[in-house]
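Now for the letters of each chain:
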Amino acid sequence: EAGVVQSPRYKIIEKKQPVAFWCNPISGHNTLYWYRQNLGQGPELLIRYENEEAVDDSQLPKDRFSAERLKGVDSTLKIQPAELGDSAVYLCASSLNLAGRRINEQFFGPGTRLTVL
Amino acid sequence: GENVEQHPSTLSVQEGDSAVIKCTYSDSASNYFPWYKQELGKGPQLIIDIRSNVGEKKDQRIAVTLNKTAKHFSLHITETQPEDSAVYFCAALISSGSARQLTFGSGTQLTVLP
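From a predicted model like this one, the values you see are computed outputs, not experimental measurements.

Cut-offs and rules
- Residues numbered from 1 in each chain as written.
- Chains lettered and ligands numbered in written order.
- Predicted model: local features only at pLDDT ≥ 70, side-chain atom pairs only at ≥ 80, totals over all residues.
- Heavy atoms only, no water.
- Helix = DSSP H or I, 4+ residues; strand = E, 2+ residues; numbered from the N terminus.
- Polar contact = N/O pair within 3.5 Å; in protein donor to acceptor, adjacent residues only side chain to side chain.
- Contact = heavy atoms within 4.5 Å.
- Buried area = accessible area lost by both parts, 1.4 Å probe.
- Salt bridge = Lys/Arg side-chain N within 4 Å of Asp/Glu carboxyl O.
- Buried < 20%, exposed > 50% of the residue type's maximum accessible area, 1.4 Å probe, protein only.
- Pairing = 2+ DSSP bridges.
- Phe/Tyr/Trp six-rings, centres within 6.5 Å; stacked < 30°, edge-to-face > 60°.

Engineer: Tell me about the side chain of asparagine 30 of chain A, residues and numbers included.
Structural biologist: Residues and elements named next belong to chain A. Turning to its location among the elements, asparagine 30 is positioned in the loop between strand S3 (19–24) and strand S4 (31–37). There is a polar contact of 3.2 Å between the side chain of asparagine 30 and the side chain of threonine 31. Setting aside residues no more than four positions away along its own chain, asparagine 30 makes contact with Tyr49, Glu50, Asn51, Arg69, Ser95, Leu96 and Asn97.

Engineer: An account of the interface of chain B and chain A is needed here, citing residue identities and associated values.
Structural biologist: Listed by partner, the interface residues are 18 residues for chain B and 19 residues for chain A. Between chain B and chain A, roughly 1,500 Å² of surface is buried when both sides are summed, and carbon and sulfur atoms account for 51% of that area. The three residues of chain B that bury the most area against chain A are Arg51, Gln101 and Phe104 of chain B, which together make up 29% of that side's buried surface. Connecting chain B to chain A are 0 salt bridges. In this structure, the connection of chain B to chain A is made through 5 residue pairs in polar contact (both at pLDDT 80 or more). Broken down by secondary-structure element, the contributors of at least two residues to the side of chain B that touches chain A are strand S4 (32–38), strand S5 (45–51), strand S9 (86–96) and strand S10 (99–104) of chain B.

Engineer: Let's hear about unusual backbone geometry: which residues, and what values?
Structural biologist: With the exception of glycine, most residues fall at negative phi, and the peptide bonds are largely trans. In this structure, proline 81 of chain A follows glutamine 80 of chain A across a cis peptide bond, with omega equal to -5°. Counting through the fold element by element, proline 81 of chain A comes out in the loop between strand S8 (75–79) and strand S9 (88–95). In the segment running from histidine 7 of chain B into proline 8 of chain B, the intervening peptide bond is cis, with an omega of -5°. As for its position among the elements, proline 8 of chain B is in the loop between strand S1 (4–7) and strand S2 (10–14). You will see that asparagine 51 of chain A, though not glycine, has its phi angle at about 55°, which is positive. The topology assignment puts asparagine 51 of chain A in the loop between strand S5 (44–50) and strand S6 (53–56). The exposure class of asparagine 51 of chain A is partly exposed, given its relative accessible area of 38%. Phi at glutamine 60 of chain B is positive, roughly 55°, even though this residue is not glycine. Examined against the element boundaries, glutamine 60 of chain B turns out to sit in the loop between strand S6 (56–59) and strand S7 (62–67). Overall, the relative accessible area of 71% leaves glutamine 60 of chain B in the exposed class.

Engineer: Lay out the pairing of S4 of chain B in plain terms, naming residues and giving numbers.
Structural biologist: Residues and elements named next belong to chain B. Along S4, 7 of the 7 residues are buried, which leaves the element largely enclosed by surrounding structure. The alternating pattern of S4 places Tyr32, Pro34, Tyr36 and Gln38 on one face and Phe33, Trp35 and Lys37 on the opposite face, and all of these are buried. In terms of strand pairing, S4 meets S5 through 6 bridges, oriented antiparallel. The partner of lysine 37 across the bridge, within S5, is glutamine 45. Of the strand pairs in this sheet, S4 and S9 are connected by 4 bridges, and their pairing is antiparallel. Looking at the pairing, tryptophan 35 lines up with cysteine 90 of S9.

Engineer: Please give an account of the packing of aromatic side chains that cites residues and values.
Structural biologist: The tally for this structure, following the rule as stated, stands at 11 aromatic pairs over all chains. Ring geometry for phenylalanine 108 of chain A against tyrosine 36 of chain B: centres 5.4 Å apart, planes inclined by 85°, an arrangement best described as edge-to-face. With phenylalanine 108 of chain A in strand S10 (residues 107–108) and tyrosine 36 of chain B in strand S4, this pair bridges two chains. Consider the rings of tyrosine 25 of chain B and phenylalanine 33 of chain B, whose centres lie 4.8 Å apart with planes at 45°: the pair is tilted. These aromatic residues form a ring-pair network of at least three members: Tyr33, Tyr35 and Phe108 of chain A together with Tyr36 and Phe104 of chain B.

As structure tokens, then:
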């Protein structure tokens, strides 16, 4: 079974440029998460989707970050314009969460390492 | 806000010895506590998790203990091997506004010396 797929794996851009990350979750997983992981830190949630609906985006910096999951499958996270402090690894994760059921395991992709110069 | 504290930040052990990593959390409503292993250049991988209705769970050389009263939980790795070397993260399902989300500790770099 294929895991969570992310692309690109690495991205180097200059500040003020736009950048986009793509994620394809595990087949059948209805919940998708975007995390940011700064060097030497644990992942921090940016946004969570239940199918195509963003149900928790409270930690997404909405002035420059946007995300979409139009058909409830794959997702794109965009930054425009990028700033130096955005350099980090952007992780996508997915899980199968059913109403009334206990929380299921989150499966992570390999991440996209972003460097903003 | 609610958070998760993890100690130590680095840990070196001799092959065959045990390793223990400890975490504390602040949200008394937390009921799910996973542990992830992250190797260089890869995403975190779940190695074991525990829910609040049990105090201990074991899977081969890995065990996790949970003390809900004290709000802390620990990862125990016995008979460590060089391939256990990685960064380990604890996490807790914590309330954030109206939602609940996994909040991660800052990680422990485990090095198993051959």
